[in-house]
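A structural walkthrough
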Amino acid sequence: MEHLPVKSTLRIALVGDYNPNVIAHQAIPLAIDDAAAVLDLTADYDWLATTELTSPEDLVGYDAIWLVPASPYKNTEAAFIAARYARENSIPFLGTCGGFQHALIEYARNVLGWSDAAHAETDTEGTMVIAPLTCSLVEKTDAIELRNNTLIAKAYGRSEIKEGYHCNYGVSPAFAQALESGDMHVTGWDDQGEIRAAELVTHPFFVITLFQHERAALEGRPVVLVQAMLRAARG
């Protein structure tokens, strides 16, 4: 079996509409720089505005893809292109907040056959995969229980974490049940049993979270999921 060389320079696509006022967008470059320093590699990143991402070919050559927070995106289709391209081509992928939500809709449509899978924030028709949260998580911090022996639990090295959010939408009850049937496994819950993280078990690294773990970089804490993504991308 031929082993591919380990890469020392990585190219990361940050898919989303950059806004310097969004806290997560302030944190993401720091999180990548910190993780790259820990792993002793160079990580170059490009912000890809959703209006500029119109085809999977726009993502060729990237070693990892991060579908970042701050939705609704200006071009929702770009979010689905990014999630599908990473999923189908085994590209290491993170989705946080809006990225989590849109990666689940892409999976619902193209894997589970929910062709009308929809997001309650932007869609008035269809089957709502993403629905309003019973309690807003805008600027809230909460405890999350992780499923053992998963990518996310291995990254954190423990079974319970506390992370911050900035969102009003989460997984609908109907879709929560459907998720048990496929390769996208729920890997994190809050103490009410609501879904807060998931990962694709047939993929080298495809981890999505409703919480914004990247915010740890603003407090000088290591962002372990970004380290794990870069490690997967390095080979």
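Residues numbered from 1 in each chain as written. Predicted model: local features only at pLDDT ≥ 70, side-chain atom pairs only at ≥ 80, totals over all residues. Heavy atoms only, no water.

Secondary structure summary: the protein chain contains six helices and twelve strands in total. A compact globule built from 235 residues would reach a C-alpha radius of gyration of about 18 Å, and the protein chain, at 16 Å, matches this within 12%. Taking the principal axes of the C-alpha coordinates as reference, the protein chain spans close to 45 × 40 × 35 Å. Per-residue burial for the protein chain yields a buried fraction of 52% across its 235 residues. Long-range pairs, those at least 24 residues apart, make up 69% of the contacts in the protein chain between residues at least 6 apart in sequence. When the accessible area of the protein chain is evaluated, it comes to approximately 10600 Å², of which 46% is carbon and sulfur surface. Across the protein chain, the 16 positively charged side chains and the 31 negatively charged ones have centroids separated by 4 Å. (Helix = DSSP H or I, 4+ residues; strand = E, 2+ residues; numbered from the N terminus. Rg over C-alpha atoms; globule rule 2.2 N^0.38 Å. Buried < 20%, exposed > 50% of the residue type's maximum accessible area, 1.4 Å probe, protein only. Contact = heavy atoms within 4.5 Å. Areas by Shrake-Rupley, 256 points an atom, 1.4 Å probe, with all protein chains shown as cover. Lys, Arg positive; Asp, Glu negative; His and termini not counted. Charge placed at Lys NZ, Arg CZ, Asp CG, Glu CD.)

Looking now at the UniProt feature "domain: Glutamine amidotransferase" (unreviewed entry) in the protein chain. Taking the numbering used here, the UniProt-annotated feature "domain: Glutamine amidotransferase" (unreviewed entry) corresponds to residues 50-204. Counting secondary structure, residues 50-204 comes out at 25% helix and 28% strand; the distance between its end C-alpha atoms is 25 Å. (UniProt positions renumbered as here; feature names shortened; annotations may be inferred.)

We now examine the side chain of D190. Mapped onto the elements of the fold, D190 is located in the loop between β10 (184-189) and β11 (195-200). With relative accessibility at 9%, the residue D190 sits in the buried group. There is a polar contact of 2.9 Å between the side chain of D190 and the backbone nitrogen of Q192. Apart from residues lying up to four places away in sequence, D190 is in contact with D142, A143 and R196. (Polar contact = N/O pair within 3.5 Å; in protein donor to acceptor, adjacent residues only side chain to side chain.)

Take the packing of aromatic side chains next. All told, the structure shown has four aromatic pairs when counted by the stated rule. Seen in terms of ring centroids, Y18 and W47 are 4.8 Å apart; in terms of plane orientation they differ by 55°. Their pairing is tilted. Note that Y18 is positioned in the loop between β1 (9-15) and α1 (23-39) and W47 in strand β2 (residues 42-48), a separation of 29 residues in sequence. By relative accessible area, Y18 is classed as partly exposed at 45%. Cation over ring: R11 sits above Y62, and NZ or CZ is 4.3 Å from the ring centre. (Phe/Tyr/Trp six-rings, centres within 6.5 Å; stacked < 30°, edge-to-face > 60°. Lys NZ or Arg CZ within 6 Å of the ring centre and 35° of its normal.)

With that out of the way, let us pick up the pattern of salt bridges. One pass over the structure, following the stated rule, counts eight salt bridges. Where R196 meets D190, a salt bridge forms, and the shortest distance between an N and an O atom there is 3.2 Å. Among the charged side chains, a salt-bridge network with shared partners connects R84, R87, E88 and E106. (Salt bridge = Lys/Arg side-chain N within 4 Å of Asp/Glu carboxyl O.)

Grouped together as the largest cluster of nonpolar side chains are 80 residues, with contacts concentrated most on L59, I65, L104 and L230. No other element matches helix α2 (residues 76-88), which puts eight residues into this core. Not counting residues within four places of it along the chain, the set of residues in contact with L59 comprises A13, V15, L48, L53, I65, I81, A82 and Y85. (Core = buried A, V, L, I, M, F, W, Y, C linked by side-chain atoms within 4.5 Å.)

This part is about the environment of Q192. Tracing the backbone shows Q192 in the loop between β10 and β11. For the pair Q192 and I81, spaced 111 residues apart in sequence, the C-alpha to C-alpha distance is 32 Å.

What follows deals with helix α6 (residues 224-234). Of all the residues in α6, the buried ones are L225, V226, Q227, A228, M229, L230 and A233. Just downstream of α6, G235 is the residue with a positive phi angle, here 95°.

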